[in-house]
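# Examination of the molecular architecture
Here is what each chain is made of, one letter per residue.
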Amino acid sequence: MCGIIGAVSNSNVLPVLLGGLKRLEYRGYDSSGLAVINEPGKFLRLRAPGKLVELERAVSANGEISGLTGIAHTRWATHGPPTEQNAHPHISGGRIALVCNGIVENHEELRTLLTDEGMEFQSETDTEVIVNLIFLHMDKGSDFMTAVRTCIGSLKGAFALGIVNADEPGRIIGARRGSPLIAGIGEAGVYLASDISAMIAQTRKFIVLENGDIADIRQGKIEITNLDGQLQNRDTRISDLKPQAMEIGDYRHYMEKEIFEQGQAVSDTLEGRITASRVLEACFGTEAERIFDKTENIQILACGTSYHAGLVAKYWLESVGMPCQVEIASEFTSRKHPTPKNCLVVSLSQSGETIDTLTALDYAKHCGYAHSLAICNVPDSSLVRNSELILMTHAGPEIGVASTKAFVTQLVALRLLSIIMARKNSSSDLDEADSIRELRELPANVESTLELEPAIQEIAQQFANKQHALFLARGIHFPIAMEGALKLKEISYVHAEAYAAGELKHGPLALVDQDMPVVSVAPNDAQLDKLKGNIEEVRARGGKLIVFADSETRLSSRENLQVINIASVESSIAPIIFTIPLQLLAYHVALIKGTDIDKPRNLAKSVTVE
Ligand code: AGP
């Protein structure tokens, strides 16, 4: 969840470190810090609790900070609160500085061992055991690399490390076990970072470190070995990330920008994947046809918003005769379960680095699940590299912590998968050409739904003083209500829960009064009459309803019921369309509440701890 950037350059690395941290801040933002070697044997370190702007202030207040080698870190606290003392880099013996993304599971045991050796700790973090252990090995005579290797050999957990030795300017050692780490090769320097965005202003050329890799990074040379010192060959890749795709432009927040990019993101995700009447199976990978032909059921694994996309897909897949289970990734690993025959594991993730999803995929493989497909937005991510079949969503970089365009493009990708599965099932009555036409019309439908913004902005006022909200829907739109509730709580801190509308009378109806806004989505589908009944149950108890309704439903506003009409769309794409007003509602409520929309408290974009 933390972000790492390191650089060895032929000019001052400070701008590279600060620029890199800015792009990595989405990974964690409760404190940050940097250390540069400003002369051999001497570190300059600055750390600050709070957002990156606090570190930038500290840098300005400190006058000249310069050096040709440095590391920096933006933190999402796990062990120890976000104080200056707990911020990275941690330094041991004045010689070794280290940044870490991950968790050392045996830190207590190592802390005792190091304390017995007379070492003192300055922080409450698990990370400090690593830097102290490396220093201890060096103090006992090991060279830098040997000390790092020996230390890593005694660590339990998942992590990515960036380490510098004050006595060896011009060198960074990076190590990966679990958490993502890449090394970059530029004109002016070499780099180490959690992802390519951090170094995109310097270079597009990078190497993805694999689990177990240790990278010895020096100007003009990157050598990768394993724990035993054996050389590892890793491909050099060229990123196609466009720096302007990460610019906020005229928008107030990345989330706003990303909501409004959804029409384009849908088009980009469809491009090259469909003809006029067919989904191209090969876009899932060269083995797709063989694997899909024998798939008898599907297990979807994901977390958070991606999990909600999986829940929508269950309705689509089962409607074409493909049995489908969806499970929160962190729960999937919590028990033994029978392994279904010829089951395709579909893992969904925006980042491709969510440790719960990666662990669940590993567990599924271990349990003997037949095949794997990743639907992901980040090329070269761990999930992509660990899956047999891949369908990249082309949402473009998503910076706001609250996922929006990644979700919508995941739905598009899952719709494509459902269409293929329908084709394989002779008893499915889904018309492929019709489904393709509906998808082709989707970007325009997304754009016109975004025009509801002024109406939604007004409705958002009603939430200004509210502490709680209920979201109701039926059928395939229940996961959309769940996603709407997640968006609202995530960025506005209004407590919001989604219920299947039929469940209301089984308990949550007791919560309904005039202070509990109830949001519902009403597509024109087979569930409509029952949903109308549930809406009346709320009204009869004085509840105030806000309903986003397909214009064909003929629902109209009256006392305690405010209806916002949405242009009628085909039911197959309705869940995608009904997502949009709920995103806008959450955004505008958060705007009124004045929260930090792109960086909501306590959260991070890439969740790399279990
Ligand atoms: C979404 O708004 C959340 N920030 C979060 O639930 C997210 O979807 C979840 O952590 C999974 O992330 P992933 O898609 O990158 O795996």
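To keep things clear, this report deals only with the structure shown in the data block.

Conventions and cut-offs
Residues numbered from 1 in each chain as written. Predicted model: local features only at pLDDT ≥ 70, side-chain atom pairs only at ≥ 80, totals over all residues. Heavy atoms only, no water. Near = heavy atom within 4 Å. Polar contact = N/O pair within 3.5 Å; in protein donor to acceptor, adjacent residues only side chain to side chain. Areas by Shrake-Rupley, 256 points an atom, 1.4 Å probe, with all protein chains shown as cover. Helix = DSSP H or I, 4+ residues; strand = E, 2+ residues; numbered from the N terminus. Pairing = 2+ DSSP bridges. Axes fitted to C-alpha atoms, helices over the stretch in contact; angles between N-to-C directions. Contact = heavy atoms within 4.5 Å. Buried < 20%, exposed > 50% of the residue type's maximum accessible area, 1.4 Å probe, protein only. Salt bridge = Lys/Arg side-chain N within 4 Å of Asp/Glu carboxyl O.

Close to the ligand lie 14 residues; S306, S349, S351, T354 and E490 are nearest. Between an oxygen atom of the ligand and a side-chain N or O atom of S351, the distance comes to 2.7 Å. Contact between the ligand and S403: an oxygen atom at 2.8 Å from a main-chain N or O atom of the residue. For the ligand, the accessible surface in isolation is 410 Å², of which the surrounding protein chains cover 90%. For the shell around the ligand, the secondary-structure elements that each account for two or more residues are α9 (304–319) and α16 (478–492).

This next bit is on the sheet that holds strand β16 (residues 324–328). Taken together, the five strands give an open sheet; going across it, the order is β16-β15-β17-β18-β19, and neighbouring strands pair in parallel fashion. The two strands at the open ends of the sheet, each matched to only one other strand, are β16 and β19 (389–392). In this sheet, adjacent strand axes meet at a mean angle of 20° when their direction is disregarded. The pairing of strand β18 (residues 371–376) with β19 spans four bridges and is parallel. Bridge assignment links C376 to a residue of β19, and that residue is M392. Docked against the sheet, α9 engages β15 (297–302), β16 and β17 (343–349), running at close to 170° with respect to β16.

Next up on the list: the pairing of strand β3 (residues 42–49). The two faces of the sheet receive side chains in turn, since in a regular strand these alternate between them. Where strand β2 (residues 31–39) lies against β3, eight bridges are found, and the strand directions are antiparallel. Each residue of the ladder has a partner; that of L34, found in β3, is L46. In textbook terms, the turn of a hairpin is the stretch between consecutive antiparallel strands, and for β2 and β3 this stretch comprises two residues, one of which, G41, has a positive phi near 85°.

Tracing the backbone shows S197 in the loop between β10 (189–193) and β11 (205–208). On the accessibility criterion, S197 (5% relative accessible area) is buried. Engagement of the side chain of S197 in a polar contact is seen with the side chain of D195, the distance being 2.5 Å. Contacts of S197, omitting those with residues within four sequence positions, involve R23, L24, Y26, L241 and M246.

This part covers the pattern of salt bridges. Counted according to the given criterion, the structure contains 37 salt bridges. A salt bridge links E223 to K221; the shortest N-O distance between them is 3.9 Å. E223 gets classed as partly exposed once you look at its relative accessible area, which sits at 33%. By relative accessible area, which is 49% here, K221 ends up partly exposed. One salt bridge in this structure joins R437 and D434, with 3.9 Å as the shortest N-O distance. Residue R437 and its partner D434 are both found in helix α14 (residues 432–450); the two are separated by three residues, about one turn of the helix. Given a relative accessible area of 36%, D434 falls into the partly exposed group. Three or more residues are tied together by salt bridges with common partners; here these are E281, D293, R423, K424 and E432.

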